[in-house]
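A look at the structure
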Amino acid sequence: MGIQLFRHNEKAMELPINIVVMLVVAMVALATLISIIPTPTKEMSVFVESTGPAPGDLQTGNSIIVSSTTAQNPFTVSSEVRVTDKDGNPVRNANVILKGLGGVASNTTDINGVTVLTTPPGALVRLDPNQNEGTMDLKIIADGFYDYEKKDAVMIVKTR
């Protein structure tokens, strides 16, 4: 039995061609998989429906007026937020975060795209003695939507 040279073997040429064909097929499959992944292209519409110093004391609008006696100590802030898409359909299960002035509250929207945020006892809002007003920022994250951030979404004003 003699030594057979590889370059004279007809089947030796099939291996590089098979590798190239498999590589092309793999790239097409990968491109197809990437193209079906949904991209977040929708915008959200966010409305601060009502706010207040307590969950049962909400008033229309995004401003809360507190007395100077209330503002002497950390206090609770509540806010009702409605999240919809651009067509007015509710955005469900969106994570909504309200933070500022030392306080923070978070919740998820219900089936109607509405949530009520209330600062818990460990994260109450504070106004400094010489501070007559302050604001809280709103951030919303939902699958299939761009993240929403609104600075100064809720305003708190202290009366004398």
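The following paragraphs examine the structure supplied in this document. As the structure is a prediction and not an experimental result, all values here were calculated from the model. (Residues numbered from 1 in each chain as written. Predicted model: local features only at pLDDT ≥ 70, side-chain atom pairs only at ≥ 80, totals over all residues. Heavy atoms only, no water.)

What follows is about a nonpolar patch on the surface. Together, Leu23, Met27, Leu30, Ile34 and Ile37 make up a nonpolar patch on the protein surface, roughly 520 Å² of accessible area in all. In this fold, Ile34 is placed in helix H1 (residues 14-36). (Patch = residues over 30% accessible without salt bridge, like charges linked within 9 Å, V, L, I, M, F, W, Y side chains within 5 Å. Areas by Shrake-Rupley, 256 points an atom, 1.4 Å probe, with all protein chains shown as cover. Salt bridge = Lys/Arg side-chain N within 4 Å of Asp/Glu carboxyl O. Helix = DSSP H or I, 4+ residues; strand = E, 2+ residues; numbered from the N terminus.)

Let us now look at the sheet that holds strand S4 (residues 78-85). Strands sit in the order S2-S1-S4-S7 across an open sheet of 4 strands; the sheet is antiparallel. At either end of the open sheet lies a strand with only one pairing partner, and these are strand S2 (59-60) and strand S7 (114-118). Where strand S1 (residues 44-52) and S4 come together, 8 bridges link them in antiparallel fashion. Counted as the bridge partner of Phe47 is Arg82 from S4. (Pairing = 2+ DSSP bridges.)

Looking at where Thr115 falls in the secondary structure, it is placed in strand S7. Among the polar contacts made by the side chain of Thr115, one reaches the main-chain carbonyl oxygen of Thr108 at a distance of 3.2 Å. Residue contacts for Thr115: discarding those within four places in its chain leaves Ser79, Glu80, Val81, Val96, Asn107, Thr108 and Thr109. (Polar contact = N/O pair within 3.5 Å; in protein donor to acceptor, adjacent residues only side chain to side chain. Contact = heavy atoms within 4.5 Å.)

By size, the foremost hydrophobic cluster in this structure holds 26 residues, and its most contacted members are Phe75, Val81, Val83, Met136, Leu138, Ile140 and Ile156. Sorting the residues of this core by element identifies S1, strand S3 (63-66), S4, strand S5 (95-100), strand S8 (133-141) and strand S9 (148-158) as the ones contributing at least two each. Among residues more than four places away in sequence, those in contact with Val83 are Met44, Ser45, Val46, Asn89, Pro90, Val91, Val96, Thr109, Gly113 and Ile140. (Core = buried A, V, L, I, M, F, W, Y, C linked by side-chain atoms within 4.5 Å. Buried < 20%, exposed > 50% of the residue type's maximum accessible area, 1.4 Å probe, protein only.)

Where a strand is regular, its side chains alternate between the two sheet faces. Burial along S3 is one-sided: the residues Ile64 and Val66 are buried and none of Ser63 and Ile65 is. Judged from the 4 bridges that link them, S3 and S9 form a sheet pairing that is parallel. The residue bridging Val66 from the neighbouring strand is Lys158, located in S9.

This part covers the sheet that holds S9. Pairing within the open sheet is mixed, and its 5 strands lie in the order S3-S9-S8-S5-S6. Both outer strands of the open sheet, S3 and strand S6 (103-108), are each paired with one neighbouring strand and no more. The sheet shows a mean angle of 20 degrees between the axes of neighbouring strands, taken without regard to direction. (Axes fitted to C-alpha atoms, helices over the stretch in contact; angles between N-to-C directions.)

Take unusual backbone geometry next. Glycine aside, residues mostly have negative phi angles, and peptide bonds mostly take the trans form. The phi torsion at Asn93 lies on the positive side, around 55 degrees, for a residue other than glycine. Judged by relative accessible area, which is 61%, Asn93 ranks as exposed. Phi is positive for Leu101, close to 60 degrees, though the residue is something other than glycine. In this fold, Leu101 is placed in the loop between S5 and S6.

Any functional reading would require information beyond the geometric quantities listed.
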